[in-house]
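Chains, contacts and geometry: an overview
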Amino acid sequence: MTALSSPATARNKALILEVLREHLPARGLVLEIAAGAGEHALHMAGNLPGLTWQPTDPDPQALASIAAWREQEGAPNLLAPLELDASRPDSWPVRSADAIVCINMIHISPWAATEGLFAGAGRLLPPAGVLVTYGPYLEDEVETAPSNVAFDASLKRRNPAWGIRRREDVEALAGRHGLALHARVAMPANNLSLVFRRSAEMNGR
Ligand SMILES: C[S@@+](CC[C@H](N)C(=O)[O-])C[C@H]1O[C@@H](n2cnc3c(N)ncnc32)[C@H](O)[C@@H]1O
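Residues numbered from 1 in each chain as written. Predicted model: local features only at pLDDT ≥ 70, side-chain atom pairs only at ≥ 80, totals over all residues. Heavy atoms only, no water.

Digging into the overall build of the protein chain
To be explicit about the condition: The numbering of helices and of strands both runs from the N terminus, where a helix is a DSSP run of H or I of at least 4 residues and a strand a run of E of at least 2. Taken over C-alpha atoms, the radius of gyration is set against a globule rule of 2.2 Å times the number of residues to the power 0.38. Each residue gets one of three labels from its accessible area relative to the maximum for its type: buried under 20%, exposed over 50%, partly exposed in between, using a 1.4 Å probe on protein chains only. Residue-level accessible areas treat just the shown protein chains as cover; the underlying method is Shrake-Rupley with a 1.4 Å probe. Only four residue types enter the tally: Lys and Arg on the positive side, Asp and Glu on the negative side, with His and both chain ends excluded. Lys charges are placed at NZ, Arg charges at CZ, Asp charges at CG and Glu charges at CD.
Of the regular secondary structure elements, the protein chain holds six helices and seven strands. Seen in sequence order, the protein chain has helices and strands lined up from the N terminus as α-β-α-β-α-β-β-α-β-α-α-β-β. For the protein chain, the C-alpha radius of gyration of 16 Å lies close to 17 Å, the compact-globule estimate for 205 residues. Across the 205 residues that make up the protein chain, the buried fraction comes to 49%. Here the protein chain has roughly 9600 Å² of accessible surface; of this, 51% comes from carbon and sulfur atoms. Taken as two groups, the 19 positive and 22 negative side-chain charges of the protein chain have centres that lie 2 Å from each other.

Notes on helix α5 (residues 146–158)
Applied cut-off: Given the number of residues in a helix, its expected span is that number minus one, multiplied by 1.5 Å. Comment: arc refers to directions from the helix axis out to C-beta atoms.
The end-to-end C-alpha distance of α5, which contains 13 residues, comes to 19 Å, matching closely the 18 Å that a straight helix rising 1.5 Å per residue would cover. Inspection of α5 places N148, D152 and L155 among the buried residues, and these make up the whole buried set. Seen along its axis, α5 keeps its buried residues to an arc of 65°; they face one direction. In this structure, α5 carries P146 and R157 as exposed residues pointing more than 90 degrees from its buried face.

Considerations on the site of the ligand
Inclusion rule: One heavy atom within 4 Å of a molecule or strand is enough for the residue carrying it to be called near that molecule or strand. Identification of polar contacts relies on pairs of N or O atoms within 3.5 Å, with a donor-acceptor requirement for protein atoms, meaning one able to donate a hydrogen and the other able to accept it, and with residues adjacent in sequence counted only if both atoms are side-chain atoms. All residues other than Ala, Val, Leu, Ile, Met, Phe, Trp, Tyr, Cys, Pro, Asp, Glu, Lys and Arg, Gly among them, are scored as polar; the first ten of these are nonpolar and the last four charged.
Around the ligand, a shell composed of 17 residues is seen, among which A34, D57, D85, A86 and I103 lie nearest. The side chain of T9 places a nitrogen or oxygen atom 3.4 Å from an oxygen atom of the ligand. Burial of the ligand by the surrounding chains reaches 77%, relative to a free accessible area of 590 Å². Of the residues assigned to the shell around the ligand, the class counts are nine nonpolar, five polar and three charged.

Topic: the pairing of strand β6 (residues 179–187)
Which entries qualify depends on this criterion: Two strands make a pair as long as DSSP finds a minimum of two bridges between them.
Pairing of β6 with strand β7 (residues 191–198), which is carried by eight bridges, proceeds in the antiparallel orientation. Note on β7: the bridge partner recorded for A186 is L192. Adjacent in sequence and paired antiparallel, β6 and β7 are bridged by three residues, among which A189 carries a positive phi angle near 60°.

Let's talk about the nonpolar core
Condition: Among buried residues, the Ala, Val, Leu, Ile, Met, Phe, Trp, Tyr and Cys ones that are joined through side-chain atoms within 4.5 Å form a nonpolar core. Between two residues, a contact is recorded if the distance between any of their heavy atoms is within 4.5 Å.
Counting 27 residues, the largest nonpolar core has L31, I33, I100, L117 and F118 as the members making the most contacts within it. For this core, the secondary-structure elements that each account for two or more residues are β1 (28–33), β4 (99–103), α4 (111–124), α6 (167–176) and β7. Sort the elements by how many residues they give to this core and α4 lands first, with five residues. When near neighbours in sequence (up to four residues on either side) are disregarded, I100 contacts L31, I33, W92, L117, A121, L125, V130, L131 and V132.

Quick word on the pattern of salt bridges
As a reminder of what qualifies: Salt bridge criterion: a side-chain nitrogen from Lys or Arg within 4 Å of a carboxyl oxygen from Asp or Glu.
Taken as a whole, this structure holds nine salt bridges when the rule is applied. The shortest N-O distance in the salt bridge between R166 and E168 comes to 4.0 Å. Judged by relative accessible area, which is 30%, R166 ranks as partly exposed. The class for E168 is buried, based on a relative accessible area of 18%.

Description of helix α1 (residues 7–23)
Stated precisely, the cut-off is as follows: The angle between axes fitted to the seven residues ending at a residue and the seven residues starting there is what we call the bend at that residue.
Taking 1.5 Å of rise per residue, the 17 residues of α1 would be expected to cover 24 Å, and the 25 Å separating its terminal C-alpha atoms lies within 8% of that figure. Remark: the principal bend of α1, roughly 40°, maps to K13. Among all positions in α1, only T9, N12, I16, L17, V19, L20 and H23 are buried. Packing partners of the buried residues in α1 comprise α2 (39–47), β2 (51–57), β4, β5 (130–135), β6 and β7.

Quick word on the sheet that holds β2
In spatial order, the strands read β3-β2-β1-β4-β5-β7-β6; together these seven strands make up an open sheet with mixed pairing. Edge positions in the sheet fall to β3 (82–83) and β6, since each of these pairs with one other strand and no more.

Examining the packing of α1 against α2
The cut-off we apply is this: Helix axes use the C-alpha atoms of the stretch in contact, all axes being lines fitted to C-alpha atoms, and the angles between their N-to-C directions lie in the range 0 to 180 degrees. Just so you know how the angles are binned, under 35 degrees is roughly parallel, over 145 roughly antiparallel, 65 to 115 roughly perpendicular, and the rest oblique. Crossings are classed by handedness, with left-handed meaning an anticlockwise turn of the near helix from the far one by less than a right angle and right-handed meaning a clockwise turn.
Packing of α1 against α2 brings their axes to within 10 Å, and their N-to-C directions diverge by 40°. When the axis of α1 is compared with that of α2, the two are oblique. Our pair here, α1 against α2, has a crossing hand that is right-handed. Residue-level inspection shows T9, N12, K13, A14, I16, L17, L20 and R21 of α1 in contact with α2, the latter providing E39, H40, H43, M44 and N47. Taken together, the residues of the contact of α1 with α2 sort by class into five nonpolar, five polar and three charged.

Okay, here's the thing in structure tokens:
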């Protein structure tokens, strides 16, 4: 098992932690979707000891890396990784979560993964529960940074089903699952943290 590492995570994990500190509940289970190598999970669990952190990913190499980090340095509140494909919310291995975190997946997966993410979040989250996403977005009222134009083109060359999504499209999708945009936090390198909150009135659970 190899614990993988990425320079981008080393740069963004402290800033994402600040957003999570502000918006996650003090206690409860956080479901992390698309946890990748697991460095975020390790960092967030270590710094948010009141929460139980459940990392997931569909990729076996990612799951092995998360398990390796957990074995080497894991905090007691970091659970063993689970296989989860966001695009198949009916098969998610977790039945409830107090909050959901999804870092750098929406632009680097087919739109069906984002559709599943919001469908699953709408079903799992308690009233007023939050889904926090992080990554690059296009926004109607904001000129796209040249670096994001180039990044979008490179994503589409790798896979035509990938690409930076319009924030407004993601918001509309969220609305169809009972979630509304609660906070938009500008992050370095033209990324955004978006905090979606499940309507407090919904009682479908
Ligand atoms: C760019 S990596 C981001 C990993 C990590 N969150 C980070 O920021 O370092 C994208 C991740 O999305 C995961 N992914 C792709 N399609 C997915 C899907 N349908 N459901 C859940 N995760 C998916 C990949 O396996 C990969 O780990």
